[in-house]
Amino acid sequence: MRYSFIILLSLLFSVTLSAQDSPGPEAVRAVEEMDARYQLSEEQEAEALVIQERRLRNLAEIEYLKEQDRKLYLRKKDAIRQGTEASVQRMLNKEQLPILKQAFAERRMRVAELVQKMKEEGASQEEIQMAVWELE
């Protein structure tokens, strides 16, 4: 009896581990896009997969806020984006960093254009902030 319990427990543990080993298709697709952009090494690809899986897991954890508290959802989503960007920045080497910095600059330009447009339309500061958080 005792041995069958141990075998059952180890079997359940191995099933749990194998389920965690297979990355989701969305994470794999994100890593493929990163590889195309940055020409990642195999080690970087593995690290990027961990980063993308964490990003997706974090986004799934706050999904319930989308309908309950839109403002909090957008703030948390933006924080996840910033954390992911910081992790990617630490992962890249000095030859790959200029590509990332260019992407940061393009995002800042999109944000600046959005803010300028909304100010011209007379939007409040809170409306502008919500729109900025909604940018992907």
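The rules behind each value
Residues numbered from 1 in each chain as written. Predicted model: local features only at pLDDT ≥ 70, side-chain atom pairs only at ≥ 80, totals over all residues. Heavy atoms only, no water. 1 Å grid on protein atoms, 1.4 Å probe; cavity = no way out; pocket = protein on both sides within 12 Å on 5 of 7 lines; lining within 4 Å. Points joined across faces, edges and corners; volume = space filled by probe spheres on them. Helix = DSSP H or I, 4+ residues; strand = E, 2+ residues; numbered from the N terminus. Nonpolar A, V, L, I, M, F, W, Y, C, P; charged D, E, K, R; others polar. Core = buried A, V, L, I, M, F, W, Y, C linked by side-chain atoms within 4.5 Å. Buried < 20%, exposed > 50% of the residue type's maximum accessible area, 1.4 Å probe, protein only. Contact = heavy atoms within 4.5 Å. Salt bridge = Lys/Arg side-chain N within 4 Å of Asp/Glu carboxyl O. Expected span 1.5 Å × (residues − 1). Arc of directions from axis to C-beta.

Draft legend 1. Layout of the layout of surface pockets. A volume near 770 Å³ is recorded for the largest pocket. Elements supplying a minimum of two residues to the lining of the largest pocket: α2 (25-38), α3 (42-61), α5 (70-91) and α6 (97-120). Of the residues contributing to the lining of the largest pocket, the split by class is eleven nonpolar, two polar and 13 charged.

Draft legend 2. How the structure looks around the nonpolar core. Core analysis: the largest hydrophobic core is formed by eleven residues, namely V31, M34, Y38, L40, A48, I51, V88, M91, L92, L100 and F104. Of all elements in the fold, only α2, α3, α5 and α6 reach the threshold of two or more residues within this core. Top element by residues in this core is α2. It accounts for three residues. In this view, Y38 contacts L92, Q96, I99 and L100; residues no more than four positions away in its chain are not counted. With eight residues, the next largest nonpolar core counts L59, L65, Y73 and L74 among its residues.

Draft legend 3. Representation of the pattern of salt bridges within the structure. Applying the stated criterion across every chain, the model contains six salt bridges. Between R81 and D78 there is a salt bridge whose closest N-O contact spans 2.8 Å. Here R81 pairs with D78, and both are found in helix α5, just three residues apart, close to one helical turn. Judged by relative accessible area, which is 17%, R81 ranks as buried. Of the residues examined, D78 reaches a relative accessible area of 10% and is grouped as buried. Between D78 and R107 there is a salt bridge whose closest N-O contact spans 3.7 Å. Here D78 is found in helix α5, whereas its partner R107 is found in helix α6, with 29 residues between them in sequence. When sorted by exposure, D78 lands in the same class as R107, which is buried. What you see here is one network of salt bridges that share partners, running through D78, R81, E85 and R107.

Draft legend 4. Up close: the environment of K117. Mapped onto the elements, K117 comes out in helix α6. Between the alpha carbons of K117 and I128 there is a distance of 9.6 Å; along the sequence they are eleven residues apart.

Draft legend 5. Broad picture of unusual backbone geometry. Of note in this structure, Q39 is not a glycine but carries a positive phi near 55°. As for its placement among the helices and strands, Q39 is situated in the loop between α2 and α3.

Draft legend 6. Layout of α5. The end-to-end C-alpha distance of α5 is 31 Å, a good match for the 32 Å that 22 residues give at a rise of 1.5 Å each. All of the buried residues in α5 are Y73, L74, K77, D78, I80, R81, T84, S87, V88 and M91. Those residues of α5 that are buried lie in contact with α2, α3, α4 (65-68), α6 and α7 (125-134).

Draft legend 7. View of α3. For α3, with 20 residues, the first-to-last C-alpha span of 29 Å sits near the 28 Å given by 1.5 Å per residue. All of the buried residues along α3 are Q44, A48, I51, Q52, R55, L56 and L59. Mapping the buried residues of α3 onto a view down its axis gives an arc of 135°, with all of them on the same face. Opposite the buried face of α3, at more than 90 degrees from it, the exposed residues are E42, E43, A60 and E61. Looking at the buried positions of α3, the neighbouring elements they touch are α2 and α5.

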